[in-house]
Amino acid sequence: MQFLDNYPTTEDMSGAWCNSSAATSSIMEAVSFVTPVLENFFIRTVSEGLDKARNSELDQRCLAFIHEESGHSRAHKRFNQSLTGYLGGLPPGLTLVEKLLDIARNRLSLPKRLLIASALEHFAAVLSKSYLNEQQRLEMHCDFARELFLRHAEEEIAHRSVVFDLWLSKRTSGRFWRIATMMAILLTGFFYLSIAVPWILHHKLGCRLSATLSALTGFVFGSGRDMQAYLPLTELFWFTRRDFHPDRLVDESLPAK
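Residues numbered from 1 in each chain as written. Predicted model: local features only at pLDDT ≥ 70, side-chain atom pairs only at ≥ 80, totals over all residues. Heavy atoms only, no water.

A. Quick look at a nonpolar patch on the surface. On the surface, Leu96, Leu100, Ile103 and Phe191 cluster together into a nonpolar patch covering about 320 Å² of accessible area. For the nonpolar patch, the element with the highest residue contribution is helix 3 (residues 94-107), accounting for three residues. Residue position: Ile103 is located in helix 3. For Ile103, a relative accessible area of 40% corresponds to the partly exposed category. (Patch = residues over 30% accessible without salt bridge, like charges linked within 9 Å, V, L, I, M, F, W, Y side chains within 5 Å. Areas by Shrake-Rupley, 256 points an atom, 1.4 Å probe, with all protein chains shown as cover. Salt bridge = Lys/Arg side-chain N within 4 Å of Asp/Glu carboxyl O. Helix = DSSP H or I, 4+ residues; strand = E, 2+ residues; numbered from the N terminus. Buried < 20%, exposed > 50% of the residue type's maximum accessible area, 1.4 Å probe, protein only.)

B. Looking closely at helix 3. End to end, helix 3 covers 20 Å across 14 residues, agreeing with the expected 20 Å (1.5 Å per residue, within 8%). All buried positions along helix 3 are accounted for by Leu94, Val97, Leu101, Ala104 and Arg105. Buried residues of helix 3, seen end-on, are gathered within an arc of 100° and therefore sit on one face of the element. Residues of helix 3 that are exposed and point over 90 degrees away from its buried face: Lys99, Asn106 and Arg107. Buried positions along helix 3 lie against helix 1 (22-49), helix 4 (110-134) and helix 7 (175-204). (Expected span 1.5 Å × (residues − 1). Arc of directions from axis to C-beta. Contact = heavy atoms within 4.5 Å.)

C. Structural view of helix 4. Taking 1.5 Å as the rise per residue, helix 4 with 25 residues should run 36 Å; its terminal C-alpha atoms sit 36 Å apart, in good agreement. Counting buried positions along helix 4 gives 20 out of 25 residues, so the element sits mostly inside the fold.

D. Representation of the environment of Glu154. Relative to the elements of secondary structure, Glu154 occurs in helix 5 (residues 143-158). The spacing of Glu154 and Lys129 is 25 residues in sequence and 8.2 Å in space, taken between C-alpha atoms.

E. How the structure looks around the packing of helix 1 against helix 5. Interaxial distance between helix 1 and helix 5 falls to 13 Å at its minimum, and their mutual angle equals 45°. With respect to each other, helix 1 and helix 5 are oriented oblique. Where helix 1 crosses over helix 5, the handedness of that crossing is left-handed. Note on element contacts: helix 5 touches helix 1 through Phe149, His152 and Glu156, opposite Met28, Ser32, Thr35 and Glu39. For the contact of helix 1 with helix 5, the per-class residue count stands at two nonpolar, three polar and two charged. (Axes fitted to C-alpha atoms, helices over the stretch in contact; angles between N-to-C directions. Parallel < 35°, antiparallel > 145°, perpendicular 65-115°, else oblique. Left-handed = near helix turned anticlockwise from the far one by under 90°. Nonpolar A, V, L, I, M, F, W, Y, C, P; charged D, E, K, R; others polar.)

F. Structural context of unusual backbone geometry. Its identity as a non-glycine residue notwithstanding, Ser20 has a phi of 55°, on the positive side. Mapping Ser20 onto the fold places it in the segment before helix 1. Overall, Ser20 belongs to the exposed group, its relative accessible area being 54%. Unusually for a residue other than glycine, Cys207 sits at a positive phi of about 60°.

G. Layout of the packing of aromatic side chains. Under the counting rule described, the total for this entry stands at nine aromatic pairs. Taking 5.5 Å as the distance between ring centres and 65° as the angle between the ring planes, the aromatic pair formed by Phe164 and Trp167 counts as edge-to-face. Of this pair, Phe164 and Trp167 both sit in helix 6 (residues 162-168), three residues apart, roughly one helical turn. Just as Phe164 is buried, Trp167 falls in that class too. Between the aromatic rings of Phe176 and Trp177, the centroid separation amounts to 5.5 Å while the plane-to-plane angle is 80°, which identifies the pairing as edge-to-face. Assessed through its relative accessible area of 40%, Trp177 is described here as partly exposed. Taking NZ or CZ as reference, Arg178 lies 5.7 Å from the ring centre of Phe239, over its face. (Phe/Tyr/Trp six-rings, centres within 6.5 Å; stacked < 30°, edge-to-face > 60°. Lys NZ or Arg CZ within 6 Å of the ring centre and 35° of its normal.)

Function cannot be read off these values alone, since they describe shape.
Encoded structure:
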């Protein structure tokens with residue numbers, strides 16, 4: 001994502017820059033804030049799983065993965081700096097995600113951490129696939145944001161199998177742990193968004209409670225009804241199948257949309 005270094009991030013993000021919707025813009029910003037936290041976990045976990053003396057094809061894919069995730073993190077941090085300019089700080093809930101990942105890093109075995117990382121990567125790949133299918137419906141008034149989310153989604157799809165294959169090479173857990181991990185991710189993600197999005201939206205709307213509640217209600221009963229298109233639960237839970245592999249998420253023989 002080095003090409004994004006040429007894009008300015010000085011645009012005012014305090015308004016409804018995505019789909020002319022303050023709620024949709026707040027969701028995109030909440031996702032961007034949590035992205036570097038998740039990618040730091042990916043990078044450290046995959047790095048620990050590498051067998052640097054082996055230099056296999058999988059290890060080379062892992063090194064490329066680490067390079068791409070580092071680029072994603074840098075780009076999102078640049079974008080997030082422009083967001084904190086009007087927010088005055090980071091959204092609540094972000095600290096909880098960091099603490100949970102720190103607990104996992106300090107207390108769980110490497111195979112368990114790789115399971116969490118591969119489940120999170122599957123989650124990201126499903127969202128990226130949906131985003132690429134729906135992106136034409138999104139009107140972004142920020143060039144940097146448009147390119148950032150588009151390129152990130154494309155690269156998530158491209159390396160969707162890397163962490164999963166690394167986990168398979170060290171796997172010690174079965175289907176129960178896949179289900180438990182996916183449920184934990186869904187619950188944590190819902191909790192984070194349910195706190196971060198209203199907080200960001202509240203700031204966008206001048207810290208007016210009535211306007212915030214009205215916007216949230218309008219989104220849930222309006223645009224929110226289309227969320228199944230962005231979060232297909234069926235595909236998310238493919239991860240829990242015994243015969244699942246991330247390559248099946250996308251039919252490479254079909255032309256890209």
